[in-house]
Amino acid sequence: MRIRLLAVGTKMPKWVTDGYQEYCKRLPSDSQLELVELQPGHRGKGADIQRAMRSEGDAMLAAIPKGDRVIALCVDGKNWSTEKLAEQAENWRMEGNNITLLVGGPDGLDPRCIAAADQKWSLSALTLPHPLVRIILAEQIYRAWTLLQGHPYHK
């Protein structure tokens, strides 16, 4: 099973890249997490935020591989415990699905991306910085994998 993370934003600080890579390198080769960074839409003084989000949405929708199960990370998604995530991951693996996770930019996901998703997942009711979401996702995917393996990391 391949897990692809489509995330708006490039040129992350070193601490983000290091944190993300730390958990990715712990995953086995059959459960690798692949990051695809998408260029953010233009923002700045007088920028049209809706246009920026549409631009990000166009890029995101074009980057989703055909046949993948798509999970949008959004505030109105379901809250999953780590155990529930592990259960979801096992179901995805048993179904033979590759997974694409969608993480929007500073203003969230384009509504078309949410509509295209097979599932919606909320990491927290808190508003999290989008760079930090990458690290949290990588860590939780690693934690779910360890739980499925009976590894003590989860404790």
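Residues numbered from 1 in each chain as written. Predicted model: local features only at pLDDT ≥ 70, side-chain atom pairs only at ≥ 80, totals over all residues. Heavy atoms only, no water.

1. Let's talk about helix 1 (residues 14-24)
- Among the residues of helix 1, V16, G19, Y20, Y23 and C24 are the ones counted as buried. Summarising the axial view, the buried residues of helix 1 lie within an arc of 135°, below the 170-degree limit, and thus occupy one face. Along helix 1, exposed side chains directed more than 90 degrees from the buried face belong to K14 and W15.
- Against strand 1 (3-8), strand 2 (33-38) and helix 5 (130-149) lie the buried residues of helix 1. (Buried < 20%, exposed > 50% of the residue type's maximum accessible area, 1.4 Å probe, protein only. Helix = DSSP H or I, 4+ residues; strand = E, 2+ residues; numbered from the N terminus. Arc of directions from axis to C-beta. Contact = heavy atoms within 4.5 Å.)

2. Focus: the pairing of strand 4 (residues 99-103)
- For strand 4, a buried count of five out of five residues is recorded, marking the element as mostly surrounded by other parts of the structure.
- Residues I99, L101 and V103 point to one face of strand 4 and T100 and L102 to the other, with burial holding for every one of them.
- Relative to strand 4, strand 1 is paired through five bridges, and the arrangement is parallel. When the bridges of strand 4 are listed, I3 appears paired with I99.
- Note that strand 3 (residues 69-79) and strand 4 share four bridges and pair parallel. When the bridges of strand 4 are listed, V70 appears paired with T100.
- Regarding topology, helix 3 (residues 82-95) serves as the crossover connection from strand 3 to the parallel strand 4, and that connection is right-handed. (Pairing = 2+ DSSP bridges. Right-handed = clockwise from strand over helix to strand, strands pointing away.)

3. Examining the pairing of strand 3
- Of the strand pairs in this sheet, strand 3 and strand 5 (residues 119-122) are connected by five bridges, and their pairing is parallel. Bridge pairing in strand 5 links K78 to W121.

4. Thoughts on the layout of surface pockets
- A volume near 410 Å³ is recorded for the largest pocket.
- Looking at the largest pocket, it is lined by 22 residues, and the ones nearest its centre are L73, C74, V75, L128 and H130.
- The set of elements that each furnish at least two residues to the lining of the largest pocket consists of strand 3, strand 5 and helix 5. (1 Å grid on protein atoms, 1.4 Å probe; cavity = no way out; pocket = protein on both sides within 12 Å on 5 of 7 lines; lining within 4 Å. Points joined across faces, edges and corners; volume = space filled by probe spheres on them.)

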